[in-house]
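Structure assessment
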Amino acid sequence: MANVSVKNVEKIYPNGFHAIKGASLEIQPGEFIVLIGPSGCGKSTLLRTIAGLEEASSGEICIGGRVVNDVDPADRNIAMVFQNYALYPHMTVYKNMAYGLKNRKMPKDQIDTKVQKAALMLGLMDHLDRKPSQLSGGQRQRVAMGRAIVRNPDLFLFDEPLSNLDAKLRSQMRIEIRKLQRELKVTSIYVTHDQVEAMTMADRIVVLNGGKIEQIGTPAEIYTNPASIFVASFMGAPPMNLLEGVADGGQITLPGIGGMPMPHNLSGPVSVGIRPENAVITGQANDTTLPFTHDFTEELGAVRLVHGHLGDTPFVVHTHDDTELPSGPLYVSIPEQNLCVFDQNTGRNLES
């Protein structure tokens, strides 16, 4: 296991594009870190810079206590798993997994021991004589992982490895990768645009936006206490509801909607965030409810997503499958303790 330290790393391309802006990150030995953000946010560039496939414009990268800025990728003792598998089509599964070790002049008996052990771990023992064209997408991804495992790396780097798989297989592979990482105890950095992957796999999540790190935290911290409006709107399916208003003392006025109490004595323009599962639909109007217009309901089996509006602002409420909407006018109750309040000017969470 190795720790990874990224200190004030910048990446500026020759055309002037600023892909990474002052990224700093400390990863503990054996930790599973997920980098997530929209397309073009810099997550893959940061991963490739740690791998040495991209050169940092400035800053410092350490792996296992060793500064690796000027170390070739092959000498960083890392293993990468890519989206496209990158298998040799003319080689068998066995030869694909053994190829890197053979190039390192490792004795044949040691190669065989490592490949057999990895194949057993990955359920590939019956496929060692097959070629990639004879395998399913999930099996090919296992071969790519096996090729990485046999190297006994200090660091696993995953670059959207499940993007080419269907939804059911992605779910299965998520579990397998996480289980495997815990068994091997290898420090891992995983890039994805899929927030379900991030929430279910990560020890900690790093949310990037426009080349900057917006927030680092556990899945629970990211979800319940987002550091910014961007994180609140990006993480979560459906995302956090956001209402714009003006704070004055212990009250927030939401234009066209009404007023509601807030947890802190603030003033000025704010955005109020509430997760869909923390709002409650009721038929009773009182000082703590807001009028709700119901548009439609999404049936998702065990749960329902009730879509509607508070004034002109779209609003979603998460309910159980046996929850029936009251007849007559509808209102939404938002518990004060579940509010997140953001500064509209800076976008930052005023409580973090």
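Definitions and cut-offs
- Residues numbered from 1 in each chain as written.
- Predicted model: local features only at pLDDT ≥ 70, side-chain atom pairs only at ≥ 80, totals over all residues.
- Heavy atoms only, no water.
- Helix = DSSP H or I, 4+ residues; strand = E, 2+ residues; numbered from the N terminus.
- Buried < 20%, exposed > 50% of the residue type's maximum accessible area, 1.4 Å probe, protein only.
- Contact = heavy atoms within 4.5 Å.
- 1 Å grid on protein atoms, 1.4 Å probe; cavity = no way out; pocket = protein on both sides within 12 Å on 5 of 7 lines; lining within 4 Å.
- Points joined across faces, edges and corners; volume = space filled by probe spheres on them.
- Nonpolar A, V, L, I, M, F, W, Y, C, P; charged D, E, K, R; others polar.
- Patch = residues over 30% accessible without salt bridge, like charges linked within 9 Å, V, L, I, M, F, W, Y side chains within 5 Å.
- Areas by Shrake-Rupley, 256 points an atom, 1.4 Å probe, with all protein chains shown as cover.
- Salt bridge = Lys/Arg side-chain N within 4 Å of Asp/Glu carboxyl O.
- Lys, Arg positive; Asp, Glu negative; His and termini not counted.
- Charge placed at Lys NZ, Arg CZ, Asp CG, Glu CD.
- Phe/Tyr/Trp six-rings, centres within 6.5 Å; stacked < 30°, edge-to-face > 60°.
- Lys NZ or Arg CZ within 6 Å of the ring centre and 35° of its normal.
- Polar contact = N/O pair within 3.5 Å; in protein donor to acceptor, adjacent residues only side chain to side chain.

Along its length, the chain carries 8 helices and 18 strands. In terms of overall dimensions, the chain has a C-alpha envelope of 75 × 45 × 35 Å along the principal axes. Counting over 352 residues, the chain shows a buried share of 47%. Long-range pairs, those at least 24 residues apart, make up 63% of the contacts in the chain between residues at least 6 apart in sequence.

Below, the discussion takes up the layout of surface pockets. By volume, the largest pocket amounts to about 510 Å³. For the largest pocket, the lining is made up of 20 residues, of which Ile 78, Ala 79, Met 80, Arg 147 and Arg 151 are closest to its centre. Of all elements in the fold, only strand S6 (78-81), helix H2 (93-103) and helix H4 (137-149) reach the threshold of two or more residues within the lining of the largest pocket. Among the elements that make up the lining of the largest pocket, the one with the highest residue count is H2 (5 residues). Here the lining of the largest pocket is composed, by residue class, of 15 nonpolar, 2 polar and 3 charged.

So, about a positive patch on the surface. Where like charges cluster on the molecular surface, the positive patch consists of Lys 95, Lys 102, Lys 105, Lys 108 and Lys 131. Relative to the assigned elements, Lys 102 resides in helix H2.

Two numbers describe a pair of aromatic rings. These are the distance of the centres and the angle of the planes. Per the counting criterion, the structure on display carries 7 aromatic pairs. Ring plane angle 40° and centroid distance 5.5 Å describe the contact between Phe 158 and Tyr 190, whose orientation is recorded as tilted. Of the two residues, Phe 158 sits in strand S7 (residues 155-159) while Tyr 190 sits in strand S8 (residues 187-192), which places them 32 residues apart along the sequence. Ring centres of Phe 230 and Phe 234 lie 5.5 Å apart, and the angle between their planes is 10°; on these two criteria the pair is classed as stacked. With Phe 230 and Phe 234 both in helix H8 (residues 229-234), this residue pair falls 4 residues apart, about one helical turn. Through a chain of ring-to-ring contacts, three or more aromatic side chains come together here, namely Phe 32, Phe 156, Phe 158 and Tyr 190. One cation-aromatic arrangement involves Lys 11 over Tyr 13; the distance from NZ or CZ to the ring centre is 4.8 Å. The ring of Tyr 223 carries Arg 275 above its face, with NZ or CZ at 4.0 Å from the centroid.

Attention now moves to H2. Within the span of H2, buried status applies to Val 93, Asn 96, Met 97, Ala 98 and Leu 101. Lining the buried residues of H2 we find helix H3 (108-122) and H4. A positive phi of about 65° marks Lys 105, the residue just after H2.

Quick look at the environment of Gln 141 now. By secondary structure assignment, the location of Gln 141 is in helix H4. Spatially, the C-alpha atom of Gln 141 lies 5.9 Å from that of Tyr 85, the residues being 56 residues apart in sequence. The contact partners of Gln 141, leaving out residues within four places of it in the chain, are Val 81, Phe 82, Gln 83, Tyr 85, Pro 161, Leu 162 and Met 173. Within the local environment of Gln 141, its side chain forms a polar contact with the backbone oxygen of Pro 161, the two atoms lying 2.3 Å apart.

Take empty space enclosed by the protein next. One pass over the full model with this rule turns up 1 cavity of 30 Å³ or more. Space inside the largest cavity adds up to approximately 60 Å³. Lining the largest cavity are Val 81, Met 145, Ala 148, Ile 149, Phe 156, Phe 158, Ile 177, Leu 180 and Gln 181.

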